[in-house]
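Structure at a glance
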Amino acid sequence: MSAALHNDAANQLKALYAEMQPHGLYPLWEVLSALVTPKPRSPAIVHRWTYADARAYLLRAGDLISAEQAERRVLIMENPGLPGSSCATSSLYAGLQLILPGEVAPCHRHAQCALRFVMEGEGAFTAVDGEKAIMRPFDLVLTPGWQWHDHGNTSSKPMIWLDGLDIPTVLHFDASFAEHWPESAHPETVPPGDTSHRYGKNMRPMRGTATDRRPNRQPLFHYPYSEWRQNLDSLVRGSDPDPHFGHALEFVNPADGGAAMPTISAHVRLLPAGFTSRPRAATDGTVFVVAEGRGTARIDGKDIPLHERDTLVVPSWREVVFQAEGDLVLFGYSDRSAQEKLGLFREHRG
Ligand code: GTQ
């Protein structure tokens with residue numbers, strides 16, 4: 001812009017900028033093209049964390065700091081394109097949490113929505129408002145915003161899960177609140193599985209009765225692997241794979257039929273052995289975890305190998321092709337839920 005102007009005018013403009021700056025005033029024409037881009041230009045980059053490497057560092061941290069000391073013993077999976085931000089994508093956080101036998105992670109609640117996707121171990125629990133979800137590999141457990149949650153490991157083995165939260169989204173809105181429960185654990189309110197029976201079988205307690213105890217807008221919080229895997233199997237038996245997704249199922253909130261949580265959508269997909277997906281790009285940068293099998297993600301002509309329990313982040317509007325060597329089962333979460341409410345979500349199917 002300024003190159004095309006007369007030198008004198010350019011100098012006067014520069015002087016104007018310098019004078020205005022202390023008043024909090026800036027020329028839009030210098031930055032417009034970076035603010036209103038013709039298509040998404042995420043600073044986040046494609047990145048994969050191999051499970052073996054991340055796990056080794058996490059176990060070393062386990063020797064040095066207790067879960068109670070740390071409050072949450074977690075290694076943040078920070079996108080290398082977003083240094084210092086603690087973000088996996090521009091709107092979402094990912095971390096790997098370790099809880100050793102006998103440990104507790106103290107009870108708290110916060111405005112942020114969280115999901116846990118179990119990587120290894122069996123028998124530790126996440127308690128939500130005092131109800132334990134006993135966690136097994138590849139279970140999905142939600143701790144929706146402002147619900148009390150604590151974790152404990154009463155098993156004999158380390159337990160590791162992926163934490164997915166909307167921390168960057170809540171920070172963006174300057175809407176973070178958090179508080180601690182006075183004790184380290186919430187008292188047990190009902191036996192494990194109670195919510196699933198009351199709210200998870202296409203029924204719910206009669207409104208206004210004493211047994212209707214979960215929040216109306218978000219009652220369910222445990223989506224066991226044993227259930228979702230069986231549901232994927234029935235898709236495989238009954239239908240052809242979708243060319244872009246393979247066999248895919250979304251986790252829903254039964255209260256409204258919408259996404260798992262207000263800010264986070266989650267899904268699983270099975271790509272049959274030998275399947276190559278059609279290319280697809282979407283505005284919801286996504287964190288994927290390999291639950292089963294192996295394959296590759298091809299992005300911009302580069303093949304990223306995927307092995308069991310690896311984590312892959314695909315930022316907004318990057319076209320990806322998945323290839324399955326054996327049956328490849330992926331879990332993924334993104335901010336699609338939020339983007340759809342805001343009228344922002346778009347995808348391109350090649
Ligand atoms: O379990 O509440 O990985 O608040 C980061 C922030 C987990 C949690 C994280 C959190 C939590």
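Refer to the structure presented above.
Our subject in this report is the structure included herewith.

Structural notes on the overall build of the chain
Looking only at helices and strands, the chain has eight helices and 24 strands in total. In summary, the chain has a C-alpha radius of gyration of 23 Å against a globular reference of 20 Å for 350 residues, a match within 12%. Reported as C-alpha extents along the three principal axes, the dimensions of the chain are approximately 80 × 50 × 50 Å. Within the chain, the proportion of its 350 residues that are buried is 47%. The contacts of the chain with a sequence gap of at least 6 include a subset with a gap of at least 24, amounting to 73%.

Concerning the packing of aromatic side chains
Within this structure, the stated rule accounts for 10 aromatic pairs. On the basis of an interplanar angle of 75° and a centroid distance of 5.2 Å, the ring pair of Phe-288 and Phe-322 is categorised as edge-to-face. Placement of the pair is Phe-288 in strand S18 (residues 286-292) and Phe-322 in strand S22 (residues 320-324), with a sequence separation of 34 residues. Residue Phe-322 is classed as buried on the basis of its relative accessible area of 2%. Between Phe-331 and Tyr-333 the ring centres are 6.2 Å apart and the planes differ by 35°, which places this aromatic pair in the tilted class. The class of Phe-331 is buried, set by a relative accessible area of 0%. An aromatic cluster is present here, built from Phe-117, Phe-138, Tyr-223, Tyr-225, Trp-228, Phe-251, Phe-331 and Tyr-333 joined pairwise through their rings. Lying across the ring of Phe-125, Lys-132 places its NZ or CZ 4.4 Å from the centre.

A look at the pattern of salt bridges
Counted under the stated rule, the structure contains 20 salt bridges. Of the charged contacts in the structure, one is a salt bridge between Arg-298 and Asp-303, with a shortest N-O distance of 2.8 Å. Residue classification places Asp-303 among the partly exposed residues on the basis of a relative accessible area of 36%.

Concerning the state of the cysteines
Under the criterion given, the structure shown has zero disulfides. The structure places no disulfide on Cys-87, whose sulfur is separated from the nearest cysteine sulfur, that of Cys-113, by 16 Å. Exposure remark for Cys-113: the relative accessible area of 6% places this residue in the buried category.

Digging into the site of the ligand
Taken together, Arg-72, Val-74, Tyr-93, His-108, His-110, Arg-116, His-149, His-151, Asp-163, Leu-165 and Ile-167 form the complete shell of residues around the ligand. Between Tyr-93 and the ligand, the recorded distance is 2.7 Å, taken from a side-chain N or O atom to an oxygen atom. A distance of 2.9 Å is found between an oxygen atom of the ligand and a side-chain nitrogen or oxygen belonging to His-149. For the ligand, the protein covers 86% of the area, taking 290 Å² as the surface of the free molecule. Secondary-structure elements contributing two or more residues to the shell around the ligand are strand S4 (104-110), strand S9 (149-152) and strand S10 (159-165).

Side note on helix H3 (residues 51-64)
Because each turn of an α-helix spans 3.6 residues, side chains separated by three or four positions end up pointing in the same direction. Given a rise of 1.5 Å per residue, 14 residues ought to cover 20 Å, and the 20 Å separating the end C-alpha atoms of H3 matches this to within 8%. Every buried residue of H3 is listed here: Tyr-51, Ala-54, Leu-58, Ala-61 and Gly-62. Viewed end-on, H3 has its buried residues packed into an arc of 105°, placing them on one side of the element. Opposite the packed face of H3, turned more than 90 degrees from it, sit the exposed residues Ala-52, Tyr-57, Arg-60, Asp-63 and Leu-64. Elements that come into contact with the buried residues of H3 comprise strand S1 (47-49), strand S2 (74-76), strand S3 (93-99), strand S5 (114-120) and S10.

Some remarks on a nonpolar patch on the surface
A cluster of nonpolar side chains, namely Leu-28, Trp-29, Val-31, Leu-32, Leu-35 and Val-36, defines an oily patch on the protein surface of about 590 Å² accessible area. Tracing the backbone through its elements, the reader meets Leu-35 in helix H2 (residues 32-35). Residue Leu-35 is classed as exposed on the basis of its relative accessible area, which comes to 59%.

So, how was this worked out
Residues numbered from 1 in each chain as written. Predicted model: local features only at pLDDT ≥ 70, side-chain atom pairs only at ≥ 80, totals over all residues. Heavy atoms only, no water. Helix = DSSP H or I, 4+ residues; strand = E, 2+ residues; numbered from the N terminus. Rg over C-alpha atoms; globule rule 2.2 N^0.38 Å. Buried < 20%, exposed > 50% of the residue type's maximum accessible area, 1.4 Å probe, protein only. Contact = heavy atoms within 4.5 Å. Phe/Tyr/Trp six-rings, centres within 6.5 Å; stacked < 30°, edge-to-face > 60°. Lys NZ or Arg CZ within 6 Å of the ring centre and 35° of its normal. Salt bridge = Lys/Arg side-chain N within 4 Å of Asp/Glu carboxyl O. Disulfide = S-S within 2.5 Å. Near = heavy atom within 4 Å. Polar contact = N/O pair within 3.5 Å; in protein donor to acceptor, adjacent residues only side chain to side chain. Areas by Shrake-Rupley, 256 points an atom, 1.4 Å probe, with all protein chains shown as cover. Expected span 1.5 Å × (residues − 1). Arc of directions from axis to C-beta. Patch = residues over 30% accessible without salt bridge, like charges linked within 9 Å, V, L, I, M, F, W, Y side chains within 5 Å.

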